[in-house]
Amino acid sequence: MAVRIHPDWEKVLHHTFEEPYFKTLINYVKKAYQKGSCYPPGHLIFNAFDLCPPNKTRVLLLGQDPYHGLGQAHGLCFSVPEGVAPPPSLVNIFKEITQDLGVDYPQNGDLTPWAKQGVLLLNTTLTVAAGNPGSHQGRGWEVFTDIVINTLSRNHEGIVFMLWGGFAKQKIKLIDAQKHLILTAGHPSPLSANRGYWFGNKHFSLCNEYLVSRGKSPIDWSDGY
């Protein structure tokens, strides 16, 4: 089955694109987009992969669902296009970055510059129906993204996996902790962050310290602001 995705990812994942679960998933997604409004726009479903090929991936940041509001989702977890107000979780991510790294608070919620530096901004579910969070869960996306996580773990070394919240932490079993750094914290949503499970985790400085220790360039988390 033809999937429009970065050719380097296509080489790595082409077997899963031919599996029955994936064909069923794509048929479901096509019908859902034909029947009603879904996000992100079809050409941006694999945006995270197109911006961050496997051999360039230094960090995997895991989200759960795309934003379900008009104009918010563009295929990168937690990110919104320039000109769209950052949602609460992204606001708390930015607050932690400013506290951790001492940089100015960003004015732009588009995280594309992170992706271009090697941060795979991956949602476990890549599509959603408008106004209906979680509506495309359990259809096969999780099988696909689990394969992506495990493939990166097996084929590479020295990647930082950022897993925020209980759902993301379930993916620890897919990652070889001897080869990679796994950073866990509460979810940056206000419900979790305001209970003390998010702020002060220092994931952004810890990530860069690890990358440098492995001879890799650090991420400029303020790039694009």
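As a convention, each chain's residues are numbered from 1 in the sequence order in which they are written. Thresholds applied to this predicted model are a pLDDT of at least 70 for local features of residues and 80 or more for the giving and counting of side-chain atom pairs; totals over whole chains, interfaces and linings are not thresholded and use all residues. In computing side-chain properties, one takes all heavy atoms of the structure into account and sets aside hydrogens as well as water.

**Student:** Help me out: how do you make sense of the pattern of salt bridges in this one?
**Tutor:** Should their charged atoms come close, side chains of opposite charge can pair. Each reported salt bridge corresponds to a side-chain nitrogen of Lys or Arg within 4 Å of a carboxyl oxygen of Asp or Glu. Applying the stated criterion across every chain yields a total of three salt bridges. Residues Lys-171 and Asp-146 are paired through a salt bridge, measuring 2.8 Å at the closest nitrogen-oxygen approach. Of this pair, Lys-171 sits in the loop between α7 (166–169) and β6 (181–185) while Asp-146 is found in helix α6 (residues 141–155), placing the two residues 25 residues apart along the sequence. Across the salt bridge formed by Arg-214 and Glu-157, the nearest N and O atoms sit 3.5 Å from each other. Residue Arg-214 is found in the segment after α9 (203–213), and its partner Glu-157 is found in the loop between α6 and β5 (160–164); the two are separated by 57 residues along the sequence. You can call Arg-214 partly exposed: its relative accessible area is 37%. Going along the chain from the N terminus, every DSSP run of H or I of four or more residues is numbered as a helix, and every run of E of two or more is numbered as a strand. Accessible area is worked out with a 1.4 Å probe on protein chains only. A residue is then buried under 20% of its type maximum, exposed over 50%, and partly exposed in between.

**Student:** Please clarify how the nonpolar core should be interpreted in this entry.
**Tutor:** General note: in soluble globular proteins, nonpolar side chains tend to be found buried as a group. The nonpolar core is taken to be a set of buried Ala, Val, Leu, Ile, Met, Phe, Trp, Tyr and Cys residues, with the residues joined through side-chain atoms within 4.5 Å. Counting residues in each nonpolar core, the largest one holds 63 residues, and the members touching the most others are Phe-22, Phe-46, Trp-114, Trp-141, Phe-144, Met-162 and Trp-221. The contact criterion used is simple: two residues touch if any of their non-hydrogen atoms lie within 4.5 Å. If near-sequence neighbours (up to four positions away) are discounted, Met-162 is found in contact with Val-59, Leu-60, Leu-61, Leu-62, Leu-183, His-203, Phe-204, Cys-207 and Trp-221.

**Student:** Could you clarify how one ought to interpret the packing of aromatic side chains in this entry?
**Tutor:** In this analysis, rings of Phe, Tyr and Trp, with Trp reduced to its six-membered ring, are considered paired at centre separations within 6.5 Å, and the interplanar angle assigns stacked below 30 degrees, edge-to-face beyond 60, and tilted for intermediate values. What the rule picks out here adds up to 17 aromatic pairs. Judged by centre distance (5.8 Å) and plane angle (50 degrees), the ring pair of Phe-49 and Phe-144 falls under tilted. Residue Phe-49 is found in helix α3 (residues 47–51), and its partner Phe-144 is found in helix α6; the two are separated by 95 residues along the sequence. You can call Phe-49 buried: its relative accessible area is 1%. Take Phe-144: its relative accessible area is 0%, and that puts it in the buried class. Relative to Phe-204, the ring of Trp-114 lies with its centre 6.5 Å away and its plane at 50 degrees, an arrangement referred to as tilted. Here Phe-204 lies in helix α9 and Trp-114 lies in helix α5 (residues 112–117), a separation of 90 residues in the sequence. The residues Trp-114 and Phe-204 share a single accessibility class, namely buried. Clustering of aromatic rings is evident, with ring pairs tying together Trp-9, Phe-17, Tyr-21, Phe-22, Phe-46, Phe-49, Trp-141 and Phe-144.

**Student:** Could you clarify how one ought to interpret helix α1 (residues 7–17) in this entry?
**Tutor:** At 3.6 residues per turn, the α-helix brings residues three or four places apart onto the same side. Listed in full, the buried residues belonging to α1 are Trp-9, Leu-13, Thr-16 and Phe-17. Each buried residue of α1 lies within a common arc of 80 degrees when the element is viewed along its axis, so the set occupies one face. Opposite the packed face of α1, turned more than 90 degrees from it, sit the exposed residues Pro-7, Lys-11 and His-15. Note that the arc is computed from the directions linking the helix axis to the C-beta atoms.

**Student:** How should the sheet that holds strand β2 (residues 59–63) be read in this particular structure?
**Tutor:** Neighbouring strands of a sheet are bound in pairs by backbone hydrogen bonds; such pairs are parallel or else antiparallel. Across the sheet, four strands lie side by side as β3-β2-β5-β6; this open sheet has parallel pairing. Of all the strands in the sheet, the pair left with one neighbour each is β3 (119–123) and β6. Across the sheet, the axes of successive neighbouring strands diverge by a mean angle of 20 degrees, strand direction being ignored. Sheet topology places β2 next to β5; four bridges connect them, and they run parallel. Bridging from a neighbouring strand, Leu-61 pairs with Met-162 of β5. Angular values range over 0 to 180 degrees, each being the angle between N-to-C directions of two axes fitted as lines to C-alpha atoms, with helices fitted over their stretch in contact. The strands touched by α6 are β2, β3 and β5; relative to β3, the strand with the most contacts, the crossing angle is about 155 degrees. Docked against the sheet, α9 engages β2, β5 and β6, running at close to 165 degrees with respect to β5. Between any two strands, pairing holds if DSSP finds at least two bridges.

Structural measurements only, silent on function.
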